[in-house]
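Structural overview for review
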Amino acid sequence: MEKKKIVLGVIGSDCHAVGNKILDYSLTDAGFKVVNIGVLSPQEDFINAALETSAEAIFVSSLYGHGEIDCKGLREKCDEAGLNNILLYVGGNIVVGKQEWKDVEKRFLDMGFDRVYPPGTSAEKGISDLREDLGKRG
Amino acid sequence: MMDAYLFIDFGSTFTKLTLVDIEREEIIATEKAYTTVETDVTIGYDKALKKLKEKVAVEYNITNKLACSSAAGGLKIIAIGFVPELTSEAAKRAALGAGAKVIKTYSFKLNESELEEIKNSNADIILLSGGTDGGNSETIIHNAEMINKFNLKIPVVVAGNKSCDDEIKSIFGDNIEYHITENTMPNLNHINVDPARETIRNIFMEKIVHAKGMENVEDSISGILMPTPASVLKAAEVLSMGSRDEEGIGDLAVLDIGGATTDVHSIADGHPTNAGIFLRGLEEPHSKRTVEGDLGMRYSAISVFEAAGAKTIKKYLKYDDLDIEEEVNNRNTNTSFVAIDEKEIDFDEAMAKVCANISMKRHAGFLDTVYSPLGNIHTQEGKDLMKLPYLLGTGGVIVNSRNPKDILSAATFTMEDPTSLKPREPKILLDKEYILSAMGLLAMVNANMAVRMLKKYIVEI
Ligand code: B12
């Protein structure tokens, strides 16, 4: 069977590179084909990469606190580009400081993300959720 | 009697001959005559050959005749991809690397009016890309179906998602002439232009040249191997990287200013020369060619003026009493205009400097600054040529100029474009005998000799 393709990158002007490398390694190890667009990636690069490779999901990381601004409109642009129902996950340190997680999560779910992860989430958690979500789609 | 090779370059204006003594590895003579493609190219070729024979006193025996050509508009390609910044761009770069003129680049699923446009174009080849290997397949399949539906009678080079190759074969069947090769972008952001380049060259060699009123000349020469720009790129590659037995001189760029276009070739990785810079955008091919269709000395004189403005041209002029618009119009209407007096030469050289400046700016990469709470982060897009060791000039304007160094220096870095990654202090080289295209042809049959001769005949100025 062909490997499922996952686009991975760190959004916006964010240059935290370590978590991105770990996610790349873990996803590859778990049998996915990782399309890693790296740090400092604008929304358009995630979308173009997903289009050209026919990816099943986009893993967005944001560490430096501006995640909310950077992620706004990503789902709408995906829809516009014809990436219908592509899975959108986001994790890292997606907002500034310590905020009530329930509120943060809701804001990102409302933006159209399928999964939203608090700081310190392991790559494995993301992978098992991904398997579950992809399984539902068959 | 000595053995010699004859190299022929059927240019848009001149048919240029280079006769090489292959034992002593020396140029015996060069000669040129106007290209006569409207009637029969053999006329111009024979004329140049006759002049050449009169020039050479010694007896020689021509054992190999090889040619390149950019006559009759050169090789014209339409590039098709999926996402504009990705596979469309990769396809375009592959076509340029093959020495083609890219008439237009298309993206996404094509519609009927776009196919109508392609059908009515005078393209020689279509390069069809789209999707990484295992990636998007709908677009390239759709576009193949459209090409089939419109019965295009142009060879199609298929260089897209490999998983679609079989389906495309069955779509085209016997209706469309197609050539399947490796994907121009097998993985995201990684480009693979060489297989498409080679496939295009083969089609050019076998098919295209026959259709150009050049069939008569085929009998008297061994073959037209490639488009002239591909030959220049080949020469630049072997001079830079060497051959099996000969050392190359390292990274370099070639600036070739012509009547209609300005070509820049760079043979260099172009990785960042400073630490802590993040690379962005599509990977760059080691051998990269860009063509500026709006920068040239005659046919494009008006667009040079439009691109640069009077102020920039003035900056390079010695005489300040010239009417810039008039000078530009003269050259554009009278394309065989030859600059003779001081002022005319001054104006030509100013225009050449504008072409050098702008073409290198577009070819080289640039830095961008991202502001973050910690300070500024720098990103690089395109090639960093700041530490490039050599800049080599060719083309009539540069070769025949009294000040080739000044023209070439206009392509180097200045504080006017502080974010440009243009070469800063390259050594300036000159293709004094105007032999680059001939040496590219020689490299196809004897790369070692081509490297040795290039090192002998390309001079530092
Ligand atoms: C190293 C580091 C830096 C280095 C980065 C070097 C580099 N190029 O990688 C430097 C010094 C450059 C840096 C700069 C800045 N940093 Co910093 N940095 C850190 C630090 C100490 C470690 C980050 C790290 O590598 N972690 C290890 C990796 C493995 O973990 P991770 O990135 O979180 O990723 C894992 C998980 O989060 C998860 N994950 C991540 N994304 C996703 C996505 C999905 C879908 C899933 C499922 C999982 C997932 O999986 C990953 C693997 O396990 C953190 C603090 C911390 N301890 O986390 C601060 C931290 C991230 N930085 C911070 C800040 C503010 C900055 C700066 C803005 C200024 C500053 N104060 O230094 C700049 C921003 C620069 C920029 N434009 O990006 C803050 C962010 C605060 C916030 N979000 O509210 C932090 C949290 C420190 C803090 N407590 O203040 N930083």
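Before reading further, recall that the structure is shown in the block above.
Residues numbered from 1 in each chain as written. Chains lettered and ligands numbered in written order. Predicted model: local features only at pLDDT ≥ 70, side-chain atom pairs only at ≥ 80, totals over all residues. Heavy atoms only, no water.

With 19 residues of chain A at the contact, the number on the chain B side is 21 residues. Of the roughly 1500 Å² buried between chain A and chain B, counting both surfaces, carbon and sulfur atoms make up 59%. For R280(B), the salt bridge identified is with D45(A), shortest N-O distance 3.2 Å. Between chain A and chain B we count 10 residue pairs in polar contact (both at pLDDT 80 or more) in total. Taken together, the elements giving at least two residues each to the side of chain A that touches chain B come down to β2 (33–41) and α2 (43–53) of chain A. Grouping the amino acids of the side of chain A that touches chain B by side-chain chemistry returns eight nonpolar, six polar and five charged. (Contact = heavy atoms within 4.5 Å. Buried area = accessible area lost by both parts, 1.4 Å probe. Salt bridge = Lys/Arg side-chain N within 4 Å of Asp/Glu carboxyl O. Polar contact = N/O pair within 3.5 Å; in protein donor to acceptor, adjacent residues only side chain to side chain. Helix = DSSP H or I, 4+ residues; strand = E, 2+ residues; numbered from the N terminus. Nonpolar A, V, L, I, M, F, W, Y, C, P; charged D, E, K, R; others polar.)

The next subject is the sheet that holds strand β3 (residues 57–62) of chain A. Residue and element names in this part refer to chain A. With parallel pairing, the five strands of this open sheet are ordered in space as β2-β1-β3-β4-β5. Sheet topology places β2 and β5 (115–116) at the edges, where each strand pairs with a single neighbour. Of the pairings in the sheet, the one linking β3 to strand β4 (residues 87–92) comprises six bridges and is parallel in character. Along β4, the bridge assignment pairs S62 with G92. The sheet contacts of helix α1 (residues 18–29) involve β1 (5–11), β2 and β3, and relative to β1 the element is tilted by about 170°. In the packing of helix α6 (residues 123–137) onto the sheet, contacts are made with β1, β3, β4 and β5, and the angle to β4 comes to roughly 170°. (Pairing = 2+ DSSP bridges. Axes fitted to C-alpha atoms, helices over the stretch in contact; angles between N-to-C directions.)

The ligand sits among 30 residues. The nearest are S13(A), C15(A), H16(A), A17(A) and S61(A). Site remark: the ligand is flanked by residues from chains A and B. With respect to the ligand, the side chain of H16(A) contributes an N or O atom lying 2.7 Å from a nitrogen atom. A distance of 2.7 Å separates a nitrogen atom of the ligand from a polar side-chain atom of S61(A). Those elements giving two or more residues to the shell around the ligand turn out to be α1, β3 and β4 of chain A. Within the shell around the ligand, the residues separate by chemical class into 17 nonpolar, 12 polar and one charged. (Near = heavy atom within 4 Å.)

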